[in-house]
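# Chains, contacts and geometry: an overview
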Amino acid sequence: MILDENYTLSNGVEIPKLGLGTWFISNKDVVQAVVDAVKIGYRHIETAQAYRNESGVGDGFRASGVKREDLFISTKLAAGAKSFEKATSAIDRSLQTMGLEYIDMMLIHSPQPWNKFGDEDRYFEGNREAWRALEEVYKSGKLRAIGVSNFEKEDLENILASCTVKPMVNQILAHISNTPKELIQYTQVQGILVEAYSPIAHGELLKNEEVAKIADKYGVTIPQLSIRYTLQLGLLPLPKTANPAHMEENADVEFVISDEDMDYLINVDPIEDYGDASMMPVYGGKMNLRSILSMIFRSFRS
Ligand SMILES: NC(=O)c1ccc[n+]([C@@H]2O[C@H](COP(=O)([O-])OP(=O)(O)OC[C@H]3O[C@@H](n4cnc5c(N)ncnc54)[C@H](OP(=O)(O)O)[C@@H]3O)[C@@H](O)[C@H]2O)c1
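Now for a description of the structure that goes with this document.

What counts and how
- Residues numbered from 1 in each chain as written.
- Predicted model: local features only at pLDDT ≥ 70, side-chain atom pairs only at ≥ 80, totals over all residues.
- Heavy atoms only, no water.
- Helix = DSSP H or I, 4+ residues; strand = E, 2+ residues; numbered from the N terminus.
- Buried < 20%, exposed > 50% of the residue type's maximum accessible area, 1.4 Å probe, protein only.
- Contact = heavy atoms within 4.5 Å.
- Near = heavy atom within 4 Å.
- Polar contact = N/O pair within 3.5 Å; in protein donor to acceptor, adjacent residues only side chain to side chain.
- Areas by Shrake-Rupley, 256 points an atom, 1.4 Å probe, with all protein chains shown as cover.

## Some points on the environment of Thr8
With respect to the helices, strands and loops of the structure, Thr8 is situated in strand β1 (residues 6-8). Overall, Thr8 belongs to the exposed group, its relative accessible area being 52%. With 54 residues separating them along the chain, Thr8 and Arg62 place their C-alpha atoms 25 Å apart. Residues within four places of Thr8 in sequence aside, it is in contact with Val13 and Glu14.

## Some details on the site of the ligand
For the ligand, the set of nearby residues contains 29 residues, the closest of which are Ser198, Ile200, His202, Thr241 and His246. Residue Trp23 places a main-chain N or O atom 2.9 Å away from an oxygen atom belonging to the ligand. At 2.5 Å from an oxygen atom of the ligand is found a side-chain nitrogen or oxygen belonging to Thr241. Considering the ligand on its own, with 910 Å² of exposed area, one finds that the protein chains cover 88% of that surface. A total of three residues in the shell around the ligand trace back to one element, the largest contributor, which is helix α9 (residues 244-250).

Given below as C-alpha cells:
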C-alpha cells in the first residue's frame, strides 16, 4: 500500500511516497486534517510559511498521538527571503511556530519573490544566500533534508554550482496535461526527487471528460488516476484535502496505468484556466491587488 512506501532522498533520509497538501486549509482546520490523515495512515504532511497554518500543523502532530520520528513534516521558506539573515530568521520562525525541535524538510518556496514570479531576474545571488542558510541549519541537525520548489533548470544549476549540500527535492507543478518532462528528467538525473504539487490540477482535472474516460476504464476516480500517474513517473504527489473520505480514496492507488495510457495522459491538452486560482503566480497569473485579496478571501472561507 502506498502509505507504507517511501522514497529515499540523496542523503539517505526516507520520505513517505504520498504527502498531504495543506494549501488553503486554515490554521484551525488543519489540526483535525492532520489528526485524520495520521489515523488513515498518512505519515507525510506538507505546508509552507505562506499557508499560515504551520502552527496548526504542529498542533495536529501533537494531537495525533504519533511519535515524532514517525511523521515527516515538510515546510517551505517564504519566497521573499532572499538574504542569509532573512532566511535564517525565517527558518527559526518555522521551528518556533510549529513547536518542533527539528523539521524533516524545508524547501525554498520559489526562486523569485511572488510579485516577481516569471520575471527575467532569477535572483541567483539571493537564492545562493537562502540556500547557504538552509545548509547551515541542515548541518546543525534542525532540518533533516533541504530542497527547492518551482526551480527551473537554470535555478538548479545556480545552486548546484556553489552548494556544499545538494538539494534533495524540487517541488514543481506536475499533473496530467502539464508534465514538464525535460525539467523532471534533468532534476532526476541530478539525484533530486521531484515532488508533484497540485497533482489534481488544483481540482481542475475533475472536470476533464477525456481524463474521466481513462479513469472509468480502470474503475478508479480522477484523483486516483492523477495520483497514480505522478507515482508512475517517479514523482511524489501532494494531493490536498481536509476530507477524510478523500484522503482514503487518494491513498488507494494500487493499480497500474498502461504505458499506452501514460503516453495519452501526458499529451492531454493543457489546462487553460485554473478557475478561482488562475490569478496565482504558480498557474501563470500575476501577483497584484486582486490576487492578494482573493488569496485572503479564500483562506478565510476555507
Ligand atoms: N510549491 C508550490 O508553489 C505549490 C503550489 C501549489 C500547491 N502546492 C502544494 O501542493 C498541494 C496540492 O495542490 P493543490 O492544493 O493546488 O491542489 P490539488 O491537490 O491538485 O487539488 C485539490 C483539489 O482537489 C480536491 N480533491 C482532492 N482529493 C479529492 C478526491 N478524492 N475527490 C474529489 N476531490 C478531491 C480538493 O477538494 P477537497 O478539499 O474538497 O477534498 C481540492 O479542491 C498544496 O496543498 C500544497 O501543499 C505547492
